[in-house]
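Here is what each chain is made of, one letter per residue.
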Amino acid sequence: MTTPAQRRRAVLVRSAVCTLLAVGATFVLDSYANYQLATIAAIFCATAGLTLLVGLTGQLSLGHAVLMAAGGYGYALTAAPLADAGVEGVLRILGGLLGALLLAGAVGGLLGLAGARLRGPYLAGLTLALVIALPAISTQVPALGGAQGVGVPFEGVPDALGGVVSIEQWHAWVAVLVAALAVTPLALVRSGRSGLRMRAVHDDETAARLAGISPARVKTGAFVAGALAAGLGGGVLAVVTQNVSPGAYDLAFSLLLLVAVVVGGLGSIGGAAVGAVLVVLLPWLIDTAVAAVGLPSELEQRLSGNVAVLVFGALLIAVTVVWPGGLSHALGDRIRSLTTRFRPSRTVPQQLTER
Amino acid sequence: MSPATPRPATAAAAPAEASTAAPAALGVEGLTVGYAGAPVMADLTLEVPAGQIVALLGANGAGKTTLLRTVSGLLTPRSGRVVLDGEDLSAVSVEDRVRRGLAQVPEGRSVVAELSVEENLHLGALWKIPARRARRDAVEAMYDAFEPLSRRRRSLGHQLSGGERQMLSLARALIAEPRVLLLDEPSLGLAPRVVAQLLDTLRDTARRTGLTVLLAEQNVTSALSVADRGVVLGLGEIVADAPAADIAADPALRHAYLGF
Amino acid sequence: MDRIAFLLATGLARGLVIALFALSLVIIWRAARIVNFAQAAMAVVAVFVAFAVTALTDSFWLGLVAALVAGAVVGYAVERWLIRLVPARTPLPGMIVAIGLVMVLQAGIGIAFGPQHRPMAAPFSEQPFTVGGVPVLSPYDLFVLLVALGVVGGLALLFNGTTLGLQMRASAMAPEVSRLLGVRVPRMVTLGWMLSAAVASLAVLLLVPTELGLNAHSGDVLFVHAFTVAVLGGLDSPVGALVGGIVVGVLISLVTGFLGAGLAPIAVLALLTLVLLVRPGGIFAVKEARTA
C-alpha cells in the first residue's frame, strides 16, 4: 500500500516527465504538428476535468465546451486591455489566463450548483440547453462580440528565444506548460482523499452522507475543478487560434469532448490524454484520407466532417457496450498484468491510483 | 399482447397455462448461487412436496432470499436446477415461470406504489384472466377473502399501511391461483396480530386449494405455527429439515441458528 | 393588441408541435423511465423515409403513415438491438449510447443526403384565418391542434383505460415486481419505445412544413424545447406536456416578437433553469425525484 506522500510524488514525477517529453517533441515536429500538439494540450485541460466529473462523480455535462469558451472569452477580455496598456509577453499571457480562470470558475461554479442538485438526465438537458444558447448569449452581451467573437492579441515568440524557436513551437510550449499546470492538480485530487470522496458519492450518496461527506459540496467541487482546468484550456486555445467565437464551441465540440473521455476511459487522466489525441488527430487523418482518395467534390463535401462524427459516434457506442472502462482500462489491465509478473511479492493492489 | 394465446416458450415446450387443479411439487437440486464472486450457497438440494407448507428459516444472510429469487428466476444459479412439478425450469424466463403456476411475494413492500389497490390486483390477474368480466369477479373474490382491502380499493399503494400492503401483495399473488407460492419475510415490520391474521389466511387458502408454499421467515414461531415442515438454513447450507413441531421443540437447534 | 393576438396564435401553433414531441418523451419515460436523448435524431430518420414516400406517391397522408410506421420500426430496432446491450445500473451509459447514436444517425444522414434543407409542403394552407382583421390560426395550425389533442386523448385512453397501458406503466415503475406477476416486461418496454418514436416522428413531420426544410439537424432545437416542456410539465404527465408545450411555444413567440429571435434560446434556457431549480416537481408531475 502506498502512502499519500508516495502517490503524490508519483503523480508529480509523471507530470514532469510527460511535460518534458512533450516539450522535447516540439523540436522534432513540423509547424503544423506543433499546432496540433498545442490544440491537443488545450483540449486535454478540458477532458481531464470532464473525465473526473463523469467518471468519478457520474455527472454528465454536455456543456464543457461552454466552460472552455468562458476561458477563451475570459482570456481575450483580459489580454486585450492588457495589450492596450502596454503589457507584453509572458506577463500578458499570465494575466489573460487569470481572466480565463475567473470567468470559467464563475460559470463552473454556477453549473456546479445546478449539477449538485440535479440527477443525470436533467443536468445533461440543462447543459445541452446552455450549449445551444451560447451563440445567442454571445450576441446579446455586447462585450462578447457576437458571431465574430473577440480577437486575441498575438503572442509572439519572446525576444530571448527569437530565432531559435518558431511561433508554433512557442505556442506549443505555452500550451503544454499550461496543461501541466491545469492537469496536475486534478491528478493529485484524483489520487488523494478528494478522489475517494468523489467515488464514494458516486457509488452511494446516502452512505457517503452518513460518513460525513456532503455530496452537494463534492459534486460542486468537481465541477469547479474541472471548470478551472477547462478555462485554462480555453485560454490556451485562444492564444493558439487568436480568436474566440461561439462557432468554435458548439454542441459538436462538446460531444467531441465527451467522446474523448469515454473512449479514453472515464475517470482516468491518462485516458483523457489519449482521448484528446484521438479527437484532434482522427478527424485530420480521415479528412486527409478522403482527400487522397479523390472523390467528386460534392461527395467529398458530404463526407468531410461527417465521417469523423460517424466514427466517433460508433466508438462511443462500442466502447460503452463492450469496454465500459475505455481504452485506458483495456490497456491498463494488460500493462498491469505484465508488470505484476515481474514485481516481487507486493500483494495489495492500489485502489487509489489507477481506475 | 393477449396472454391467452399460447406462445412458443423458450427451450422447453410449455403448456399455455397452468392447470389450477393439480398441486405441484417444487424442488431445487444441487443449487450453487453467488453474487459477483462470493458464493451464497453451494450444492443445495431441497424438496417441497405438493400441497405442503414449508417454512424456510435462518438468520439474516443465511441465503433465504437468494434461494427464493433463484427459484423465481430473478437470479441465475451457477449450477444446479430448479424443478417445478417435474419440469426443469433452467431455460424458462421469470414471466413464463409465473405462467406455469409459480408466484412470489418478494421481500419488502412489493406493491406498486403509484398504482391503486384495484390496479395492483388486476395486474396480478392479467396473464391468467384476460377477459375483463371474469377478472373483475376474481378481484371481487379477493376482496371477500381480504376484507380490509375492499375498503381501500382506490387508494394508491404508498397510501396503505404496512399490514395492508402485505395483504395486497399476498392477494395479488393468490389471485392467479398459483400452484406454488413463495413468500419472502411477509411478517417484516408488521405487528404480531397482523402477522397472525396474515398467516392464518395464508394457511386456510393453502389448505383449501392445495397450494404448495415455501415461506421464508425470520419470525420463527409464527412460521412454524402454520407450516408442516421446517428447513433451517445456515450460511447457505441446510442444517435441519424436519416436521415443524420437532424444530419448535428442539432447543439446541433454536439456540444455534434461530437465536432463541 | 393585434400584435399580441398574432404572437399568441403563432405561439400556440408552434407550441403544439413542441407539445407533441414532449408527449413522446413522456411516453418513453412512462414506459422505460429514461430520457431518450436520441429521440430527435431517430424521428428525423423516420421523416426522411416519409419524405421519400411522399415524393414517390405525391401524397402527404401516405407520408404521414410512413412516418408513423418508420418511427415505430426505428424505435423497435434501437431498443431491441442497441439499448438492450447497455448496462443499466445507472442512467449514464444509456445517455452516452444515445448521444453516440445521435452522432451516427446525423452523420449518416449528412453523408447520404447532404446538408441542404429539403422543403416539404403542408397539406393545408398555412395562411392564417383572420378574425376581425387579426390573423389567428391557419388551417394547418388547426390540423396540428386536432392531431395533438387526438394523440393526448389516445394516450390517456391507452395508459389509464387499457390493460396494456397498465402493464406498460407497471413495467416502468416496478419492473421486477411486474415480472413476478407474469407481465412480459421486456415486451412492454419495446412497445413503449415504438410508440414513443412514432409520436416523435409525427411531431417532426408536422414541424418541417413550417420551417426551411428537413435536414439532419431538424430535430435538435425541437428536442431542447420539448425537454424543457417535459421538465416544466412533469415527465409523467401527458396533460402537462400539452399545457407546457403551449406555454413554451407562446413564450418563444412573445420573446421573438418583442425582443428579437436571438433571445429565444436564452429565454428557454432561463425557463429551464428556473423550473429545475425552483419547482423540481414540474407543474403537473405525479411523483418523481429529479434532485439528488
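What counts as what
- Residues numbered from 1 in each chain as written.
- Chains lettered and ligands numbered in written order.
- Predicted model: local features only at pLDDT ≥ 70, side-chain atom pairs only at ≥ 80, totals over all residues.
- Helix = DSSP H or I, 4+ residues; strand = E, 2+ residues; numbered from the N terminus.
- Rg over C-alpha atoms; globule rule 2.2 N^0.38 Å.
- Buried ≥ 20, exposed ≤ 12 C-beta atoms within 10 Å, placed from the backbone.
- Contact = placed C-beta atoms within 7 Å.
- Nonpolar A, V, L, I, M, F, W, Y, C, P; charged D, E, K, R; others polar.
- Pairing = 2+ DSSP bridges.
- Axes fitted to C-alpha atoms, helices over the stretch in contact; angles between N-to-C directions.
- Core = buried A, V, L, I, M, F, W, Y, C linked by C-beta atoms within 7 Å.

Student: Would you mind showing me how to read the overall build of chain A here?
Tutor: Looking only at helices and strands, chain A features 14 helices and two strands. Expected size for 355 residues packed as a compact globule is a radius of gyration near 20 Å; at 20 Å, chain A falls within 12% of this value. Taking the principal axes of its C-alpha atoms as reference, chain A extends roughly 55 × 50 × 45 Å. The buried share of chain A, taken over its 355 residues, is 51%.

Student: It is not clear to me how the overall build of chain B should be interpreted in this structure. Could you clarify?
Tutor: For chain B, the count of helices and strands is ten helices and ten strands. Each of the 260 residues in chain B was classed as buried or not, and the buried ones make up 46%. Restricting to contacts in chain B with at least 6 residues of sequence separation, those with at least 24 account for 71%.

Student: Sorry, what's going on with the interface of chain C and chain B here?
Tutor: Much of the literature gives interface size as the accessible area that the parts lose upon coming together. Opposite the 18 residues of chain C that make contact, chain B presents 21 residues. Of all the secondary-structure elements, those providing two or more residues to the side of chain C that touches chain B are α6 (163-173) and α7 (175-180) of chain C. In terms of residue count, the dominant contributor to the side of chain C that touches chain B is α6(C) (six residues). Residues that form the side of chain C that touches chain B fall into these classes: ten nonpolar, three polar and five charged.

Student: Sorry, what's going on with the sheet that holds strand β5 (residues 87-88) of chain B here?
Tutor: Each strand in a sheet pairs with its neighbour through backbone hydrogen bonds, running either in the same direction (parallel) or in the opposite one (antiparallel). Residue and element names in this part refer to chain B. Spatially, β2-β1-β4-β5 is the arrangement adopted by the four strands of the open sheet, whose pairing is antiparallel. Every other strand in the sheet has two partners, leaving β2 (38-48) and β5 as the edge strands with one partner each. As defined by bridge partners, strand β4 (residues 79-84) adjoins β5 across two bridges and the pair is classed as antiparallel. Bridge assignment links Val83 to a residue of β5, and that residue is Asp88. Across the face of the sheet, helix α1 (residues 64-72) comes into contact with β1 (26-35), β2 and β4 while running at roughly 115° to β1.

Student: Just checking my understanding: could you explain the nonpolar core for this structure?
Tutor: Nonpolar side chains in soluble globular proteins tend to be buried together. Core analysis: the largest hydrophobic core is formed by 301 residues, its most contacted members being A:Cys45, C:Leu20 and C:Val47. With 18 residues, the top contributor of residues to this core is helix α1 (residues 2-32) of chain C. Excluding anything up to four places from it in sequence, C:Val47 contacts C:Ala67, C:Ser201, C:Val204, C:Leu205, C:Val208 and C:Leu214.

Student: Just checking my understanding: could you explain unusual backbone geometry for this structure?
Tutor: Non-glycine residue B:Glu185 carries a positive phi angle of around 50°. Note on placement: B:Glu185 falls in the loop between β7 (180-184) and α7 (192-209). Given 23 C-beta atoms within 10 Å, B:Glu185 falls into the buried group. Positive phi, normally seen in glycine, also occurs at C:Arg33, with a value near 55°. Examined against the element boundaries, C:Arg33 turns out to sit in the loop between α1 and α2 (39-57). Given 18 C-beta atoms within a 10 Å radius, C:Arg33 is considered partly exposed.

Purely geometric numbers; function is a separate question.
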